Amino acid sequence: MVGLIRAEFRKLRTTQVWFWMLLLCLGLAVLGVVATIASQSSDADLAQHVRDVMVAPSSADTYIPLFVLGILSVTTEYRYQTITPTVLATPSRWALITAKLIAYAIVGVLYALGCLALQLIIALPWLSARNIHVSLSEQAGALLAVFAVLALFALVGLGTGALLKNQIVAVTVGVIFMLAITPLLLIIPGVKHVYPYLPAGAVNSIVTDPNDHANRVVNGVHLIAPAAGVAVLVAWALVLAVLGAGITMNRDIS
Amino acid sequence: MANVYAPPPGPGVPAPGGPGGAPPGGDGRIVVNELTKVFGGRVRAVDRLSFTVEPGSVTGFLGPNGAGKTTTLRMILELIHPTAGSSTIGGVPYKQLHNPLTVVGAALEASSFHPARTGRNHLRILCAAAHLPDARADEVLDLVGLHDAARRKVRGYSMGMRQRLGLAATLLGNPRILVLDEPANGLDPEGIRWLRGFFRHLAGEGRTVLVSSHLLNEVQEFADRVVILNRGQLVRQGSIAELTAGTDTVQVRSPQPAALVEALRQAGVQPEQPDPNTVRVRGIEMAHVGHLAFTAGVELHELRTERFDLEELFFTLTEGAYSGQTMPQQVPPQPGFPPQGGAPWSG
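Please read all numbers here as calculations on a predicted model, not as lab measurements. (Residues numbered from 1 in each chain as written. Chains lettered and ligands numbered in written order. Predicted model: local features only at pLDDT ≥ 70, side-chain atom pairs only at ≥ 80, totals over all residues.)

**Quick look at the packing of helix α9 (residues 140-164) of chain A against helix α11 (residues 199-207) of chain A**
Residues and elements named next belong to chain A. Under the convention used in this document: Every axis corresponds to a line fitted to the C-alpha atoms, with the helix fit spanning only the stretch in contact, and the corresponding angles, defined between N-to-C directions, vary from 0 to 180 degrees. Put simply, DSSP H or I for four residues or longer makes a helix, DSSP E for two residues or longer makes a strand, and each gets a number counted from the N terminus. Orientation labels follow simple angle bins: below 35 degrees gives roughly parallel, above 145 gives roughly antiparallel, 65 to 115 gives roughly perpendicular, and whatever is left gives oblique. By definition, turning the near helix anticlockwise from the far helix through less than a right angle yields a left-handed crossing, and turning it clockwise yields a right-handed one. By definition, residues are in contact whenever their C-beta atoms, placed on the basis of the backbone, come within 7 Å of each other. As a working rule, the residues Ala, Val, Leu, Ile, Met, Phe, Trp, Tyr, Cys and Pro are called nonpolar, Asp, Glu, Lys and Arg charged, and the rest polar, with Gly in that last group.
Closest axis-to-axis distance for the α9/α11 pair is 9 Å, and the angle between their directions is 160 degrees. By the criterion of interaxial angle, the relationship of α9 to α11 is roughly antiparallel. The chirality of how α9 crosses α11 is right-handed. Packed against α9, whose contacting residues are Ala-145, Val-146, Ala-148, Val-149 and Val-156, the element α11 presents Pro-199, Val-203, Ile-206 and Val-207 at the interface. Its residues assigned to classes, the contact of α9 with α11 comprises nine nonpolar, no polar and no charged.

**Some words on the sheet that holds strand β11 (residues 272-275) of chain B**
All names here are of chain B. As a reminder, the rule being used: Strand pairing is assigned whenever DSSP detects at least two bridges linking the two strands.
Spatial strand order, β11-β12-β10-β13: four strands in an open sheet with antiparallel pairing. Unpaired on one side and paired on the other, β11 and β13 (302-306) mark the two borders of the sheet. Sheet twist, expressed as the average angle between the axes of neighbouring strands with direction ignored, equals 25 degrees. Note that strand β10 (residues 249-253) and β13 share five bridges and pair antiparallel. Residue pairing for β13: Val-250 is matched across the bridge by Thr-305.

**Some details on the domain arrangement of chain B**
Inclusion rule: What fixes the domain bounds is an automatic or database domain assignment.
Domains assigned within chain B are domain 1 (30-243) and domain 2 (248-306). A separation of 46 Å is found between the C-alpha centroids of domain 1 of chain B and domain 2 of chain B.

**Some remarks on the interface of chain B and chain A**
On the chain A side, the residues contacting the 28 residues of chain B number 23 residues. Here the side of chain B that touches chain A takes six residues from helix α2 (residues 119-129) of chain B, the largest share from any one element. For the side of chain B that touches chain A, the class distribution of residues is 17 nonpolar, six polar and five charged.

If you want it as structure tokens, here you go:
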């Protein structure tokens, strides 16, 4: 398994996708922080929104590039037919998908740490310059929430890619589902209660302040606990990956 | 431009099977048993195909385009699930091989590379997956003459370079068995010559090679055996000597064909008369035919031997591949080949 995980890291490192996706993540994280701070006119207002600054990368959809990166981890193999040598070396789709999940869990953690570091490097001096003291221990929950979302979304993407295999379909369907269809579902009576169990709803459940009871009800739908949101994301990643490895990736490779 | 084709690998290559111990993959025999693949419930790409590739032999897997060669190879490697039948490598299905790259090296198409990745990195990924030392990537790149292009992106590779990168990948685990699908596709004449030397070298090392081709002359030189496939069905398998035994034909043209036929019959052979002035006879030396004609006082206008080469047999066996006519289930045994008139490719 160690060899397979190393192989996955090499696959990622030996093309440039990892770099552009990292750049995009960092860019969105910075954009989120800058927009959140700049939108508060007075220091007093800003002081009320320190937590928003801490979760800004999530609000700025920084997890989307990670989602796409996870999709590409499987779909590029099919697009460029490297799936053939990959499967010849590792005939077990379960071993392959497990190696990919472990590798991209680590990749997700590294990207998330990078985004958080850059976010704090920008936010802390800026807030300090506006006479706002940020206690990291007070904001640990918010930072942990953003970290969890970023770290897990590569895996959700990986599962999506494994199930759909086709790169354009997986990216288009995945992104549209999260950014357009999920908000639409939220306005349909009855159906809207699935919202917290969809990836975008789980993200909302994880990052929304647990004590902000007003915002934890979205269009009449109660968000689930942050820990439950994390479990939902993990479940999406694993269920999609298992379906992918068991069904679509197991189909004929011709 | 410098010669891009390195000489065939030298004696520095370790013997296949890895150092010490029983070689992985058992004896290295490939057994295909009643393999059948039906695509979409209708297209019968491979139909109850059975054949065996003996250890240490080079077997040419021949058939026209669309005969089912690639589908068969992919079923042997378990990339495609057979509709029925089975195949084993050294007695076990491919999926049960421990670290398959050290048992079987397979090159299936020259496009299984990420264009933005270098050839060397492509191989190093496989090294990691198969627990092989990274240095092996550079070794096999040297073997196939890609040393100078190793750090270039595959996007910039010619078709021939991609084929050789595919071949390099097959050698990574130093396997006893090689499965190659149309490795000569896209190679220029110099590349094909290099490939032949490469095959001779692999065969000389005692590796088992199953190589598919739609061009018989690509494999004729170095293949011990051929398996000929048409429309998904086995047409013939055997050694090249077996397939061509007793197939030379003596052709005689004479203004007195009746007297010549009579003389030949008395000598114990059965001549054929494709047209009034032509007599064809098999299983007899040309000089003997000349002698019989001379002693019978028959005037001859032509006396020649048609060497029946494998290519002609191949075209004969696979005819109808493009015409939509149905092939007989089993081609009748020799003699009976070739059909009268010979093929335009003979000569």
